Structures are given as C-alpha cells and as structure tokens.
Protein chains: 2
Amino acid sequence: MYRSHTCGELRLADLKKEVTLSGWVQTVRKFGSITFVDIRDRYGITQLLFSEALNADLDANPLGREFVLQVKGIVNERSNKNPNLPTGAIEIAVAQFTILNKSAVPPFSIQDDTDGGDELRMKYRFLDLRRNIVKKNLELRYAVGRSTRNYLHENNFMDIETPFLIKSTPEGARDFVVPSRMNAGQFYALPQSPQTFKQLLMVSGFDRYYQIVKCFRDEDLRADRQPEFTQIDCEMSFVEQEDILNMFEGLVKRIFKDVKNIDYTDVLERMTWEDAMWTYGNDKPDTRFEIKIANLKFPRHTFPTQSSLATLIEGAAFGVFDDAETVLAIAVPGCSDYTRKQTDELTDWVKRPQIGMKGLVFIKCNEDGTYKSSVDKFYSPEKLKRIADAASAKAGDLVLILAGAEEKTRKATSDLRMYMAERLGLRRADDFKLLWVLDFPLFEYAEEDNRWVARHHPFTSPKPDHIDIMINNNPVIANAADYLAHPYAGIKANAYDMVLNGNEIGGGSIRIFQRALQEKMFAALGMDEEEQQHKFGFLLGAFEYGAPPHGGLAFGFDRLCAIIGGSESIRDFIAFPKNNSGRDVMLDAPSTIDNKQFEELQIKLDLK
Amino acid sequence: MYRSHTCGELRLADLKKEVTLSGWVQTVRKFGSITFVDIRDRYGITQLLFSEALNADLDANPLGREFVLQVKGIVNERSNKNPNLPTGAIEIAVAQFTILNKSAVPPFSIQDDTDGGDELRMKYRFLDLRRNIVKKNLELRYAVGRSTRNYLHENNFMDIETPFLIKSTPEGARDFVVPSRMNAGQFYALPQSPQTFKQLLMVSGFDRYYQIVKCFRDEDLRADRQPEFTQIDCEMSFVEQEDILNMFEGLVKRIFKDVKNIDYTDVLERMTWEDAMWTYGNDKPDTRFEIKIANLKFPRHTFPTQSSLATLIEGAAFGVFDDAETVLAIAVPGCSDYTRKQTDELTDWVKRPQIGMKGLVFIKCNEDGTYKSSVDKFYSPEKLKRIADAASAKAGDLVLILAGAEEKTRKATSDLRMYMAERLGLRRADDFKLLWVLDFPLFEYAEEDNRWVARHHPFTSPKPDHIDIMINNNPVIANAADYLAHPYAGIKANAYDMVLNGNEIGGGSIRIFQRALQEKMFAALGMDEEEQQHKFGFLLGAFEYGAPPHGGLAFGFDRLCAIIGGSESIRDFIAFPKNNSGRDVMLDAPSTIDNKQFEELQIKLDLK
C-alpha cells in the first residue's frame, strides 16, 4: 500500500494517526538540524517534518524538487499554522521515508507563474500539467462535462457513439482522410461533426441524443483553433426552435450553477442577426458593456429593415464622410478628457494593417455640455451634439467615428468597440453575459463561384414561411452584380447561436427533414443529382422512411470551458494541445512512416 | 409544440386530458367504420382511435406503416385493456391529425424478429435501429456507460480527453494513419489506445484518470472485431495490483447492479494464467460450468510447476496416446448414454478443419459403474476407471479424450469443452461468471524473428521479484530451439485480465515507471536506442521527472455491453458498425477522394 491518505486530506481531527503519504517534493527547507518538506499530490500539499534522527538518511538519499516520495509518520499539530492551506494545521513527523523515483531538475518551475515559454511548456506538457493553474483548468473541464452529462441525462438525452471512420464529403472545411488498407485506393474521413449521424438517429426514433465528441477539421490554424476539437453535440426530435432554446439555455445555466456556483437567473436576451450586425458590428456581440454602434450612414441594402441617419453628416463639405459608403460611431463612456496623445494613439490603432482604416474622427462630449471635435471646422456645435446624441453619448463620453467601405468599416468599428472596452476594463473575465442570436441568413454569396453557400450547413431549414421562397425560385444567380436582389438573399434560416462574452459558444438549427427540400438545398449549393447521391444518398434515402421534424445544436466544448475558466485561449483547457502548425511538439507528431506502411496502404508521397 | 406527452406516458390517471402526441405509425387496423392506429416513439406505444367522423380525412390522407403522425385528442379508458403495455389501459380519441412525414414501405419489417438479412439491415441501419431489440441494446450501452462514469466519479477518477491525431509507433497491431497537409510527407496515427497518454497523466499527477474512448486498429477483421472500438480506459497512481483488482471488481459489480439489478456479491475468483491454461486450455475460461481439463500427458515445460499423469495411459500399446505429445480429457456430465450416432457426430466435429484433430477417444462411465470405451481393447476396465477418475468423471458422464501436438490439442480440447457446454445448455446468457486471470508471462516468443515480444504491451512491469531477472540478463536468445530455457521465458508480468463468461472483457497491468527498466524492455523487443528515442522519447523523457508508480486497465466497452446484453456479437451494440471488410455499407465508406484532396495532401495512389 503506497498511501493511507492523500496529501490534501489530513486535519486536526487526525492528530496522532499513523499515516502513509505518497507524492512529489514541492519544496525542501532546512532549518538547522531539522528539514521541512512540502509533499504534493493532486489533492493538496502536506508539510513533512524530518527530525535530526533522519539526517544521515537524508544525506545518503538527498531529496530534490519533484522527487516522488513515500513517507510514514505521525500526524502532529503545527506550531506555525498556515490558514491558507486546508492541511495547514497539521504536519507529519516523518518516521521513515522511501524515494520512489528521482527527478531531474525540471526545465521550468512547477508553479503558477512559471518561467517556461510556450514551446518549452508544450514540449514538456507532462510537467506543465503539474502546475496548479493548468490542473485547475482540466478539473474545470471535467466539471463542465460532468454537469452537461447530468443535465442531459435528466432530460432524457442518450449518449450514443457515432463512427470516426466515415465518408469524405468535403463541403466547407477540409476533411482529414485515412487510407484504407483493406479497401485499397479508398479513404475514410474523420468527422467534422457527427451531423448526419445524429440526424439519422432522429430518423431512427432516438428522440434525444447527445455526445461529447472529438471532431476534426483540416484548416489552416489560427491561435484559437485546433485540428481536433471537442463538441457537446445534441439533437432532438419533435421540436421547434423555442423548445431548443429553452432546453439549452437550461443546460448552460446548470453548468454555471454546478461549476461556478453562479445563479444565472436572467432569461437570455434574444437578438436577431440583423440587430447584432447593425448594433454591434458582428454576430457574436460582447454585451457585458453597453456601447452600441450608431449607423450614421449605411447605404447598402444588407439590412433592408433598418434606416440610415445619413442626413446628419452629409452635405457639410467633409469629404471623408461624404465619399464614404459607411460611417459608424460609438460613444465611449467617460473618455471626453482624452488628451491629444491619447486620441492620436487611437488613430494609430485604427490605422494598423490589421484594422486598416484611414483615420479616426472624434467628438469629445465635455462635462460642461460643450463639444470638441477633430472635425470642428465642418460641423457646428449644434450638429456635433446631434451626431453625439445619435451615438447615445452622454456628457463625459468620447464619440469615435469611422468611415469607409461597408464591411471593413463595420469590422473596424466592432474591433474598436472591443478595444476600448478592454482599455476601460469593461470585459471582466468573471462577468458572464449570454445571449441568443437568431434569424441568420440561410445563404451566403460565394463571389468566386457566383453561387450560394450554406451559412450554417446544408441541413439547416429555412424559416417555415421562407420554405416556399426556396422551393419556388431557381437558385441560379443570373445577375452577379445584383445578387442581393435574388429571392434567396432574403431567406432566413431556422438557426440560432448562443453567444457568451463575445464568443460563439454554440450554434444549431432546425433541420430539413423532407427529401424534396433537402434536394433543393443541395442543388442551391451547386450539387448535381449524381454528387448528391454519392455524398448524401444515405441521408436522402433515410428521409423517405418517416423522418421526424428535428433540430439540435453543438457547443464548442473547448471554448466553453476556456471562457467559463476566464481565459480566451482554448489551448490551456486541452490536456495535450497542438501548436499552430498542427504539431504535437511533445510527441513530435506528425512524423514520417515506414516503407512497410506505405506498401500496405498502397499510397506514396507526391511532394511538390 | 409537437407533443404534450410521449407515446409511453399516458395512464388512467390522465383520463379526459386533451393531449398531443407525435410518433410513428406502428399498425393500422380498420374495424368497420372505426380505425385503430398504434403510434410509437422511443418511450412506448399508445393506441389511437379514429372515429367514423375522421374517415373522410383518412381517405384523403391515408396512413401507412412508419408514417410520422401528430394527433390531438382526449385520453379515454379502453374497453379492451392490454396489460402487457404500460399505456394499455387508455387510448386517445383522435380529434385531429397531421401527417408530419410519409414513409415508403420499409425494406424489412420493423419488429424484433425481422425479415431483413444482415447486409440489408446494415444498409438501412437507421431503420434497423427502430427495432425495439436494437434500441434496447443501445439503451443498455448508455446505461453501462452512465454507471461506469458515476462509479469512477465517486472514486475520484477524472475524465480527461487524450488526442486522436498522434504519432505512428506500430508495435503489434497496425496503425491507421492520417496524412498531414500542413506537414507534407508526414502522417499522424489514430491511437490504438491512449496508453502512453494516460501514463503521462500519471506523471503529471492526475492520480486517477478515465475515459470512454474510441480506439483504432487496422487489422484483418474477424466477425467480432471492428476497426474502431471503444474502451473504458483507466489509470491510477500509487497503486499495487491489489488496489486495481479491488477498484475494478467494484466497477463491474456496480454495473451489474445499476444495469441488470444483479447483486454480484461473490468475491471474484482469481486464477493464475498457468492454472487457466492447464485447467481450461485457454486464458479466458468460461467458468459458468464445472468441466475441467485433465492433463493425461503433457511433456513440455510450458508449465514447469504442474505434473503430468502420463503413466496412466502410456505403455498400453495404444499408439495414438503413446506417440502424442499431449493427451487431454474432459468429463461431460450426463452424456454416458450417447449413442454411436452421437459419438460419431462428436468425432466429426473435432475432425473439422477449424479444429483439425485426427480423432476422438471416449469413455462412457455408465450409471451401473461399468465403463465402455472406444479403446476397450487397449485399456482394462480398471485402467479406464482410473483415467475417468483422473478426469473427475462421475457415473453417467462421458469422458472425451484428444491427443496430438500440444498447442493444437489444448485449443481443440478447450473448444470441445465449450461446444459440449453449448450443446448441454450450460452457457446461459443470463448467468454471469467473472474472474481475474493473473500472472501472465511477460514475454512471448516470436519464432520468425527469434526474439521476444510483449505479451500485453511494452509498458507492463514484471512482477517485483522478477525485475532483477530482466535487468541482469541479456534478452538475446542464443539457442532458438531451447528458447524456453532462456531466463526471460519465466518472467511473469504484473498483469491481469478480467474474464466474463469466457470472454476477456478487460485487462491491464502495473506499469514500468523507471527509465532504465523501460529501456531494457524496449531493447528486449529488439528496439535500438535510436528507434526507442524516435518512437517513445517523450515517455522515456517523462520518466526522468518523477514518474510515480502506476497501473491501470482498459475494458472493451463494446464486448462488455454485448455480454451483459446476453449476446456474443458486439455489432448489435454499436449504433453504426462496419462489416467484416471494414466498410460502412450505409454510407458506402471508405470511398474515393477528389484529385484536389490528393494534391493538397501531396500523396498519390500506388496500387499493385
């Protein structure tokens, strides 16, 4: 028996017990003839006292950091208690010790603020995982998973495993493929998601399915993406959008309660995609802070139901605004006293290549009711006030205005909004704001091919009253320049995203469940009948045998955990992540394979 | 809202309620002017009554089998109650119905004893899954998983996900590989198990890890194998074999309680590998029945601690026994009255190519105390009695004796034992007998390479008192003919298998946790230092930084579920299984991929 107790377990109630502990040497401190050692395991840290009698043993078997140690001894009360440690009232008077394994000096220190750089910590991930801060992340991940499983179980969902070796049907992202030895010349694909399988399970009548499951996408990686990632994947039969929103609002609230002990009692705000884009400049708004975008000029008909405020700014002979396609403003609270240096900083910030704007216009809404602007010579104080009012500015605010091409300006304004919130400390990691974004467009326009692509995926249903528009119109875009006039541009999807603190944490849709509509969708995406049959014949076939109405969603498990853990980096919440080149630097994978493997798989390299 | 209740929910207590149900049409029965429809969903079946008033609607919208139907109506008491159905006391007087989706006539009937063949059911797996018997299998699988998670959670295990895109280190089975686009010319491998990762997690101090996880092996498939399969994968730190046996004995008992409501209170029998091989002819004995093998002649030193009974049978001028390397006997209860036809049948059975024996000797132990044998002319009744006694035969038993080369004869006798038990109905699917098999040999001899291979895997530790034998001897086998005399042949592993009803359902070991011993193991398997470093450098490195003593095991989840479900076929317990060629006949995968995919991956086919 290696231990009678863990290193986090002993208390004053255990005084005088004879115990055996095993763990890692955290610190060794020698005071005269006695030695204190902190021993650590997953459960905590306990102080060990080696008396003078053990000095000869210690000299013969010196202890080092991260050595694996077993001790037998008696639980004593500490004279110098540590109230910050659950075991801080006791220590073990060591009678006997065994070094179970030695340790070389770790390449970085095993503590919260380590001296290890990213690559070094990835290479020695098994040591990085010893750090309390990283361990806590994985514990949180386990708690989120456990909470999810309990909630879904209580709501009659069944965990059903779907296959990993499936068929390659690239649509959108690239598949990872797996050569088949038994079927030479053919390949499996790893699933980008279990989408079609969960729909088949609904056709099978399983009614409520879930899985916490690995998915794979062979994309060029950004900092917050991984080639393999985990989804909480769910599907329900006989549901409308409202049923799904309620069910999964409940799930996330349950997770907050179980994992963070937060009672998230607010009903989640629901926002249309159009409102999100119009008011926040993107479809996953961070609503922890109030700043909204005022649309001073917005000529294009992306948002046909919205009206522009262009009359406020036009005709003042200010060419930047007059010539711009779009002019957008935000009111930043309490920044009217920004100095020239500070406003110059902001101007430099928007001019950086990542943002790419030509300049920044500001209006200071002074506390005394006066206005001071970088465009004073074009706009009267009266006009500046009306612009500031349009941006909902209050006394003390700083209005920031960007002008330029529509998409770029909207993105820049959205980024500036986030940047200012960050500067002002409005994006607090321990503040959580959830919302639903609804009514996405069903299609996006792919300029290079002059055709439609599915904004969500090809299995998403149009809104019920838009189904006829889809069925009754030809998807072909006759006039590329005016694609927005095509009836398909206005079709809204029966789709929904859940947004947390400016991140899309989950998304889904009510699915198409009738063969004819699914075929129309595939055709709209440019798939002819043969391709439909080759790629999705099994699903079209299944829809012939009594497919029920169904819908679902998937949460990005890695990201959900990261945000709940107060981090923006998913990598910190994955036990063995890959770097931005898709490499596991610890394993040194991917790597070359043997000639025998090539021969058996009947493939060879074709390097360019 | 598609439904107010499920189809399994309504009872007499719900009388007169107005309800909405959705589900599939199971049957339509017309009686004069009224029509009865059974509507089915995951939760049950409810009887619907369509009165005469709906006949015009039904004529306009006729219902067929597997149509998806929504009805509104009133809960009424049935005059003709069905006590076998939880909803059998009520029926719904339908006021209004909607056909949500139609169904073509299914290619086989959706009922327990279907008329669909295997391939047809695999192709239409989404319909096969509608059958109650298959649905129950997946429900059982979910229950086993849920029970497992709860038990392990209560015992401080953490579910930690390990990566799927790892490094190819084929040792034993073949890896599935995945070409990397971002690292051209290099490949990931899919994990055969998370073995090294769970060991790294122990080095990281996670102490107790588990995962219910997909694993992949590219092997030629037998009927009960799948290229992707699921393991319950576990690892613990600071444990000895005894700790692991107790923990996982507890897990399986918990599963039996939760899933089958069986109180499996017996302490699991523990049997050494040697005893299992000696007494049952294989290392996963089915101990639901008592028949044991008597070793009448066993010359080789595979089992040095056992003694042979050869004097009983030799020297009687019966060449078959005199010339045989091995002679083994079993006593089959109550079969002494087998007719000539029946014993001939058994002789034919052992002569089949799959068994491959030359013949079968029998001794009938008649109820009257006399003996009748096929070798009467070589053995006196006295001698026959002694042989029968050696086989533990009682009056009324039939002793069956096989002779031949050691391995073949042992396997044949083991198979015959199982076959007789099957014939006699001794292998009851609802009877469960668990045991541990312990003390496996650490190594097996690979004749083609004249070297050792790891019987379990290269991370398994020798028994503590065998470590020195391993360290202090050269693994090279100088004399191939006498490999059993090599010290390594006698090294026993710190390994254990759990056996249920003649199937290995789980296995594991205490691991090597010291670099020097691990290097010695790799060297014993013929890996030079460079290969060790290339394949397992990360693990050897990890062992330098304070690796704790650890061990674990993995259960074959698919098989465990199948046996608990009373089946020998794992395929029935997998939602979307592959056939024996590794194909998903529903998806038609694997399949060809696009030229664009080949180009991006920089590989091409090299078909022979």
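Predicted, not measured: the structure shown is a model, and the values here were computed from it.

1. With respect to the overall build of chain A
- For chain A, the count of helices and strands is 16 helices and 23 strands.
- Its C-alpha atoms give chain A principal-axis dimensions of about 90 × 75 × 55 Å.
- Going through the 608 residues of chain A one by one, you find that 60% of them count as buried.
- Restricting the contact set of chain A to residue pairs at least 6 apart, pairs at least 24 apart contribute 68%.
- Total accessible area on chain A is roughly 24,300 Å²; 47% of this is exposed by carbon and sulfur atoms.
- Averaging the coordinates of the 77 positive side-chain charges in chain A and doing the same for the 89 negative ones gives two points 4 Å apart.

2. What to know about the relation of the copies chain A and chain B
- Mapping chain A onto chain B calls for a screw motion: a turn of 180° about the axis and a shift of 0.0 Å along it, with 0.1 Å RMSD after fitting. Here the symmetry operator amounts to a two-fold rotation axis.
- Residue by residue, 100% of the interface of chain A is reproduced at the interface of chain B, so both copies engage with the same surface.

3. Looking at the interface of chain A and chain B
- Counting residues at the interface gives 128 residues for chain A and 129 residues for chain B.
- For the chain A and chain B pair, buried surface summed over both sides reaches about 11,700 Å², with 58% attributable to carbon and sulfur atoms.
- The tally of links from chain A across to chain B stands at 10 salt bridges.
- The partner of Arg174 of chain B in a salt bridge is Glu600 of chain A, and the shortest N-O contact between them spans 2.8 Å.
- At the junction of chain A with chain B, the criterion picks out 73 residue pairs in polar contact (both at pLDDT 80 or more).
- When residues in the side of chain A that touches chain B are grouped by element, the largest group, nine residues, is from helix H4 (residues 132-154) of chain A.
- When strand S23 (residues 603-605) of chain A meets strand S23 (residues 603-605) of chain B, the two strands line up antiparallel, connected through three bridges. Following the sheet pairing, Leu605 of chain A is matched in S23 of chain B by Ile603 of chain B.

4. With respect to the pattern of salt bridges
Residues and elements named next belong to chain A.
- This model, assessed by the stated rule, comprises 101 salt bridges over all chains.
- With a closest N to O distance of 3.1 Å, Glu422 and Arg427 form a salt bridge.
- Using a relative accessible area of 47% as the deciding quantity, one classes Glu422 as partly exposed.
- Here the salt bridges share partners, and the residues they tie into one network are Asp118, Arg121, Arg125, Asp128, Arg131 and Arg571.

5. Here we look at the domain arrangement of chain A
- When its domains are assigned, chain A resolves into domain 1 (12-101), domain 2 (133-262 + 555-580), domain 3 (290-427) and domain 4 (441-492 + 514-547).
- Between the C-alpha centres of domain 3 of chain A and domain 4 of chain A the distance comes to 39 Å.

6. As for the environment of Lys463 of chain A
All names here are of chain A.
- Here Lys463 lies in the loop between strand S19 (451-454) and helix H12 (467-472).
- Through-space distance from the C-alpha of Lys463 to that of Thr46 is 60 Å; in sequence the pair is 417 residues apart.
- The contacts of Lys463, once residues within four sequence positions are left out, are Gln241, Asp439, Lys492, Ala493 and Asn494.
- Within the structure, the side chain of Lys463 is placed 3.5 Å from the side chain of Gln241, a separation counted as a polar contact.

7. Observations regarding the packing of H4 of chain A against helix H6 (residues 241-260) of chain A
Residues and elements named next belong to chain A.
- At a minimum axis distance of 9 Å, the contact between H4 and H6 shows a crossing angle of 135°. Relative to H6, H4 is oriented oblique. The two elements H4 and H6 cross, and the hand of that crossing is right-handed. Contact with H4, carried on its side by Leu140, Ala143, Val144, Ser147, Thr148, Asn150, Tyr151, Leu152 and Glu154, involves Asn246, Met247, Phe248, Gly250, Leu251, Arg254, Ile255, Asp258 and Val259 of H6 and no other residues of that element.
- Looking at side-chain class alone, the contact of H4 with H6 contains 10 nonpolar, five polar and three charged residues.

8. So, empty space enclosed by the protein
- Taken as a whole, this structure holds nine cavities of 30 Å³ or more when the rule is applied.
- Partitioned by chemical class, the residues of the lining of the largest cavity number 14 nonpolar, five polar and 12 charged.
- Reported here for the second largest cavity is a volume of approximately 160 Å³.
- For the second largest cavity, the lining is made up of 19 residues, of which Glu161 of chain A together with Lys214, Ile574, Ala575 and Phe576 of chain B are closest to its centre.
- Taken together, the residues of the lining of the second largest cavity break down into nine nonpolar, three polar and seven charged.

9. Some details on the side chain of Asp397 of chain A
Residue and element names in this part refer to chain A.
- Secondary-structure assignment places Asp397 in the loop between helix H10 (381-390) and strand S16 (398-404).
- Despite being buried, Asp397 has no salt bridge partner; Lys394 is the closest side chain of opposite charge, sitting 4.0 Å away.
- In this view, Asp397 contacts Ala331, Val332, Pro333, Gly334, Cys335, Ser336, Ile363, Lys364, Cys365 and Ser392; residues no more than four positions away in its chain are not counted.

10. Considerations on the environment of Ala95 of chain B
Residue and element names in this part refer to chain B.
- One can find Ala95 in strand S5 (residues 90-101).
- Separated by 30 residues in sequence, Ala95 and Arg65 have C-alpha atoms that sit 21 Å apart.
- Those residues within four positions of Ala95 in sequence are excluded, and the remaining contacts are Leu54, Lys72 and Gly73.

Reading the values: the criteria
- Residues numbered from 1 in each chain as written.
- Chains lettered and ligands numbered in written order.
- Predicted model: local features only at pLDDT ≥ 70, side-chain atom pairs only at ≥ 80, totals over all residues.
- Heavy atoms only, no water.
- Helix = DSSP H or I, 4+ residues; strand = E, 2+ residues; numbered from the N terminus.
- Buried < 20%, exposed > 50% of the residue type's maximum accessible area, 1.4 Å probe, protein only.
- Contact = heavy atoms within 4.5 Å.
- Areas by Shrake-Rupley, 256 points an atom, 1.4 Å probe, with all protein chains shown as cover.
- Lys, Arg positive; Asp, Glu negative; His and termini not counted.
- Charge placed at Lys NZ, Arg CZ, Asp CG, Glu CD.
- Least-squares fit on C-alpha atoms with pLDDT ≥ 70 in both.
- Buried area = accessible area lost by both parts, 1.4 Å probe.
- Salt bridge = Lys/Arg side-chain N within 4 Å of Asp/Glu carboxyl O.
- Polar contact = N/O pair within 3.5 Å; in protein donor to acceptor, adjacent residues only side chain to side chain.
- Pairing = 2+ DSSP bridges.
- Domains from an automatic or database assignment.
- Axes fitted to C-alpha atoms, helices over the stretch in contact; angles between N-to-C directions.
- Parallel < 35°, antiparallel > 145°, perpendicular 65-115°, else oblique.
- Left-handed = near helix turned anticlockwise from the far one by under 90°.
- Nonpolar A, V, L, I, M, F, W, Y, C, P; charged D, E, K, R; others polar.
- 1 Å grid on protein atoms, 1.4 Å probe; cavity = no way out; pocket = protein on both sides within 12 Å on 5 of 7 lines; lining within 4 Å.
- Points joined across faces, edges and corners; volume = space filled by probe spheres on them.

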